[in-house]
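Listed below are the residues making up each chain.
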Amino acid sequence: RGAPPSAADAGGGAAGDEASAPARPPQTDRFVHSESDLSAVAKETLKASLLRTRAIKVGSGLLSVVAVDSCEGEAMKAQIRGDDRFIFDFRFVLKVALKWMGANFDAGMQRAEASLGVHDFASESTLTSAGNVPSVTFQWTDAQALEARRRAEVEELVGARGAWPPPPGSLLAEVVVVLQAWAAKLPEYARAQAVEDR
């Protein structure tokens, strides 16, 4: 995606889960009195939050987020009619891993890895309903230790193949919980950054 959506359209979205009107460039909004760039602190805190995604059980194994392979985007704070609005647009790719014990002691710990991408995660995104939803990609990167039947089971529990919102109990549903909490705390992160910059 291009530039983040307009300040005028940022009242709902990821934190409030409301759809909004089409975006307009912030500089064309006559009600915007000031803007400040939050991209660095937003990206840093988003990555840290994603690494705390709760793992889920898959049979005798555990499926978890083990790394944030990439995180790109922009965030800003705009003051509109005296009220602060936080506007962001991010895309990220997570490395997820399934770990389980082999069938016997000699097999030891087994591991399979995949890539889970979330694109178009923006301040106007609807995370818990089918509205302005992010797009999701999923791809195995190392699944040699997994038989085909087990792969299908794991893909279902990732939750990236079906309709939005992701099913409860899936890894993607846990990611959504993280995204909602991060969006709600973005004003707090911004205030902390402003104090450090003084």
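Here the structure is a predicted model, which means the values were calculated and not measured.

Colleague: Help me understand the environment of Tyr-189 in this model?
Modeller: One can find Tyr-189 in helix α3 (residues 171–197). Here Tyr-189 falls in the buried class, since its relative accessible area comes to 16%. Taking C-alpha positions, Tyr-189 is 7.6 Å from Ala-42, a pair spaced 147 residues apart along the chain. Those residues in contact with Tyr-189 that sit more than four places away from it in its chain are Val-41, Thr-45, Ser-49 and Trp-182.

Colleague: Would you mind showing me how to read the layout of surface pockets here?
Modeller: Empty pockets left among the atoms are what a rolling probe the size of a water molecule brings to light. Of the volumes computed, that of the largest pocket is approximately 190 Å³. Taken together, Ser-36, Asp-37, Leu-38, Lys-77, Asp-84, Phe-86, Pro-187, Ala-190, Arg-191, Gln-193, Ala-194 and Asp-197 make up the full set of residues lining the largest pocket. When residues of the lining of the largest pocket are traced back to their parent elements, those giving at least two are β1 (32–37), β4 (83–101) and α3. Among the elements that make up the lining of the largest pocket, the one with the highest residue count is α3 (six residues).

Colleague: Help me understand the packing of helix α1 (residues 39–50) against α3 in this model?
Modeller: Here α1 crosses α3 at 140°, and the two axes come no closer than 9 Å. The two elements α1 and α3 meet at a crossing, and its hand is right-handed. Here α1 contributes Val-41, Ala-42, Thr-45, Leu-46, Ser-49 and Leu-50 to the contact with α3, which in turn contributes Val-175, Val-178, Leu-179, Trp-182, Leu-186, Tyr-189 and Gln-193. The residue inventory of the contact of α1 with α3, partitioned by class, reads ten nonpolar, three polar and no charged.

Colleague: How do you make sense of the pattern of salt bridges when you look at a structure like this?
Modeller: Once their charged atoms are close, side chains differing in charge can pair, the charge on each being opposite to the other. For the coordinates displayed, the defined rule picks out six salt bridges. The residue Arg-161 makes a salt bridge to Glu-155 at a minimum N-O spacing of 3.7 Å. When its relative accessible area of 52% is taken as the criterion, Arg-161 is described as exposed.

Criteria and cut-off values
Residues numbered from 1 in each chain as written. Predicted model: local features only at pLDDT ≥ 70, side-chain atom pairs only at ≥ 80, totals over all residues. Heavy atoms only, no water. Helix = DSSP H or I, 4+ residues; strand = E, 2+ residues; numbered from the N terminus. Buried < 20%, exposed > 50% of the residue type's maximum accessible area, 1.4 Å probe, protein only. Contact = heavy atoms within 4.5 Å. 1 Å grid on protein atoms, 1.4 Å probe; cavity = no way out; pocket = protein on both sides within 12 Å on 5 of 7 lines; lining within 4 Å. Points joined across faces, edges and corners; volume = space filled by probe spheres on them. Axes fitted to C-alpha atoms, helices over the stretch in contact; angles between N-to-C directions. Left-handed = near helix turned anticlockwise from the far one by under 90°. Nonpolar A, V, L, I, M, F, W, Y, C, P; charged D, E, K, R; others polar. Salt bridge = Lys/Arg side-chain N within 4 Å of Asp/Glu carboxyl O.

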